[in-house]
Amino acid sequence: MSEEEQQNNNNEENEEQNEENKEENQEGEENKEPEPVLDEQEQKDLEEDKAEEERDKEEEQVLDEEGNPIPNAPPKPPQNPLKSELLHNSLSKLSKTFDGLSYAFSKLDIHEKELDGLGEEINNFILLRDFNCSNNKIKDISPLSLMKYITIIEASTNLIKEINMFEVENSFQYLKILNLKQNRIKKLPKMHAVYLEDLNLSENRINDISEFNGLPKLKKLNLNQNKIKSCYGLANCPNLEVLYLNNNRIKSMEGINLERLRKLRLKTNRINSLEFIPFLPCLQKLNISENQIKDRTQFKNLEIYTHLLKINCEANPYFDEAGIAPKTELIIQLPELTKETLKFVNKEQLVKEDFEEAAKTLQERIEKEEEERKQREEEERLKREEEERIRKEQEEEERLKREEEERIRKEKEEEERKLREEEEEKKRLEEEEAKKKKEEEGEEGEGEEKEEKENDENEEKEEKEENNEEEEKNNDEEKEDEEGNEEEKE
């Protein structure tokens, strides 16, 4: 095959591929689901997330000597990694190894050293148990996965984006405390640290926790100040007692199915309903302040938490609009709970005066509601009467309208009848006139025919008379001839 034929074939294949891609794109656009309509707050969140991503990209850009970004450049290597001298000077706590046959340093503290990497030499210290690298600029802590006996990791205030090393099965089997506060982690993945008891991921950028499969020994989980919208994923933690979810984007408590949870903080979220709250049989402390609850009856759903001791629900729109103290409202909505277990509202202990104030407020509310009920009934009665009056007026208008339409219909029918009669009369007269004319024409024809007949008869009579005269004449002549013959004969 020549080069020209090869080129032609390549061009045809490219055209076919472009057509297929175009068709696929069109099908994709047709099948594409419409984008959800965002409210004002969601639109603001989206803009903030995009701006944050742009800042991250700018930070990660590799610049040339003139300060221009280099496209497709590999990531910048650490500029100030952990060096051997600092590493050895930061080791401490000489302890027996797990097999009990020797000793090794078990703690490494390199916090606040302005490091941006852990270096390679750290891979030689696989017997470390206590590690602290907080307040640095480190992006990757994956080398810690080599330290199979590590129990404490303090790595807060760094630039860590991913923690995928915890997804590896049989990894971090002795880890009990993990502090990754104030990093740049976006996702809470499935984790296999089966002995982890305390996990701090606050002040990150986590927006997805759906893949988190829970941890059997976890007792405390801190997810404050992230971008979490849904609580689904926070299950399979049978020993979790403390959960912090303050300052997120959560709209509902659904998904928090934790049998031993004692303390739950959901301050500064977007919860507007408590209708589908999860059953938390051991819950003692709950913070749902600074949310978006506008209906007082929503608080009644909290009565399922029969061990609730403290609750904070201030700064919800209902209390600001109604001008009522949260303590008063909760005593009204949760009478049994406030008598038996609930003792603190917004960090204030419930006292006798609070119950008296609640009773007074409840009585005033009942009287007001009764008055409003009567007023509504009266308004409804007047409304029904007005509707009945309007209905009758409409019926009367419709009746008059029907009568008027009937009158107009009859008048129209009468006019049409008269018009038909006039047309029939006109037609009859025209027919009579035509008939008369025809008769007259017929009489004239008969007169002429009669006259012609008479003329014919007269002519025939005259002709007959002439024939008779001629016959008589001939007879006379014959007679004379006979007489002459006789005379001659004689």
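Asks: Just checking my understanding: could you explain the pairing of strand β2 (residues 103–109) for this structure?
Replies: Working note: regular strand, side chains alternate between the two faces of the sheet. Two elements, strand β1 (residues 91–96) and β2, share 5 bridges in a ladder whose sense is antiparallel. Paired with Leu91 across the bridge in β2 is Leu108. Between the end of β1 and the start of β2, which pair antiparallel, lie 6 residues, with Gly100 showing a positive phi angle near 75°. In the sheet, β2 pairs with strand β3 (residues 130–132) via 3 bridges, with the strands oriented parallel. Bridging across to β3, Asp109 finds its partner in Asn132.

Asks: In this structure, what is going on with unusual backbone geometry? I would like to understand it.
Replies: The general pattern is negative phi for most residues beyond glycine and trans for most peptide bonds. Of note in this structure, Gln225 is not a glycine but carries a positive phi near 55°. Summarising the element assignment, Gln225 is placed in the loop between β7 (220–222) and β8 (242–244). Residue classification places Gln225 among the partly exposed residues on the basis of a relative accessible area of 41%. With phi around 55°, Thr268 is a residue other than glycine that occupies positive phi space. If you trace the backbone, Thr268 turns up in the loop between β9 (263–265) and β10 (285–287). Judged by relative accessible area, which is 25%, Thr268 ranks as partly exposed.

Asks: I tried to follow the packing of aromatic side chains on my own but got confused; where do I start?
Replies: Geometrically, a pair of aromatic rings is defined through the distance of the ring centres and the angle of the planes. By the definition in use, this model includes 4 aromatic pairs. Ring centres 4.4 Å apart and planes at 25° place the aromatic pair Phe166 and Phe172 in the stacked group. A relative accessible area of 3% means that Phe172 is categorised as buried. Residues Phe299 and Phe319 carry aromatic rings whose centres are separated by 5.3 Å and whose planes lie at 35° to one another, so their mutual orientation is tilted. With Phe299 in the loop between β10 and β11 (310–312) and Phe319 in helix α4 (residues 317–322), this pair connects stretches of sequence that are 20 residues apart. For Phe299, a relative accessible area of 0% corresponds to the buried category. On the accessibility criterion, Phe319 (6% relative accessible area) is buried. Site record: aromatic cluster; members linked through ring pairs are Phe299, Tyr318 and Phe319. Sitting above the plane of the Phe344 ring, Lys310 keeps its charged end 5.1 Å from the centroid.

Asks: What should I look at first to understand the pattern of salt bridges in this one?
Replies: Opposite charge on two side chains permits pairing when their charged atoms draw close. Applying the stated criterion across every chain, the model contains 37 salt bridges. The partner of Asp354 in a salt bridge is Lys327, with the nearest N and O atoms 3.1 Å apart. On the criterion of sequence distance, the pair formed by Asp354 in helix α7 (residues 352–489) and Lys327 in helix α5 (residues 326–333) is long-range, its members being 27 residues apart. What makes Lys327 buried here is its relative accessible area of 15%.

Asks: How do you make sense of helix α2 (residues 40–60) when you look at a structure like this?
Replies: Structurally, the α-helix is built with 3.6 residues per turn, so residues lying three or four positions apart point the same way. Across its 21 residues, α2 extends 31 Å between first and last C-alpha, which sits within 8% of the 30 Å expected from 1.5 Å per residue. Every buried residue of α2 is accounted for by Asp45, Asp49, Glu52 and Asp56. One side of α2 holds all its buried residues, which, seen down the axis, span an arc of 65°. Across from the buried face of α2, at angles greater than 90 degrees, the exposed residues are Glu40, Lys50 and Glu58. At the N-terminal boundary of α2, the capping side chain belongs to Asp39, with an oxygen 3.2 Å from the backbone nitrogen of Gln41.

Asks: Even after reading the chapter, I still don't get empty space enclosed by the protein, so can you show me in this structure?
Replies: Once rolled over the atoms, a probe with the size of a water molecule shows which space is left empty. This structure, assessed with the given rule, holds 1 cavity of 30 Å³ or more. Here the largest cavity defines a volume of roughly 60 Å³. In terms of lining, the largest cavity is formed by Ser95, Lys96, Thr97, Phe98, Ala104, Phe105, Ser106, Leu127, Arg129 and Tyr149. At 3 residues, β2 tops the list of elements feeding residues into the lining of the largest cavity. Classifying every residue of the lining of the largest cavity gives 5 nonpolar, 3 polar and 2 charged.

Rules behind the numbers
Residues numbered from 1 in each chain as written. Predicted model: local features only at pLDDT ≥ 70, side-chain atom pairs only at ≥ 80, totals over all residues. Heavy atoms only, no water. Pairing = 2+ DSSP bridges. Helix = DSSP H or I, 4+ residues; strand = E, 2+ residues; numbered from the N terminus. Buried < 20%, exposed > 50% of the residue type's maximum accessible area, 1.4 Å probe, protein only. Phe/Tyr/Trp six-rings, centres within 6.5 Å; stacked < 30°, edge-to-face > 60°. Lys NZ or Arg CZ within 6 Å of the ring centre and 35° of its normal. Salt bridge = Lys/Arg side-chain N within 4 Å of Asp/Glu carboxyl O. Expected span 1.5 Å × (residues − 1). Arc of directions from axis to C-beta. Polar contact = N/O pair within 3.5 Å; in protein donor to acceptor, adjacent residues only side chain to side chain. 1 Å grid on protein atoms, 1.4 Å probe; cavity = no way out; pocket = protein on both sides within 12 Å on 5 of 7 lines; lining within 4 Å. Points joined across faces, edges and corners; volume = space filled by probe spheres on them. Nonpolar A, V, L, I, M, F, W, Y, C, P; charged D, E, K, R; others polar.

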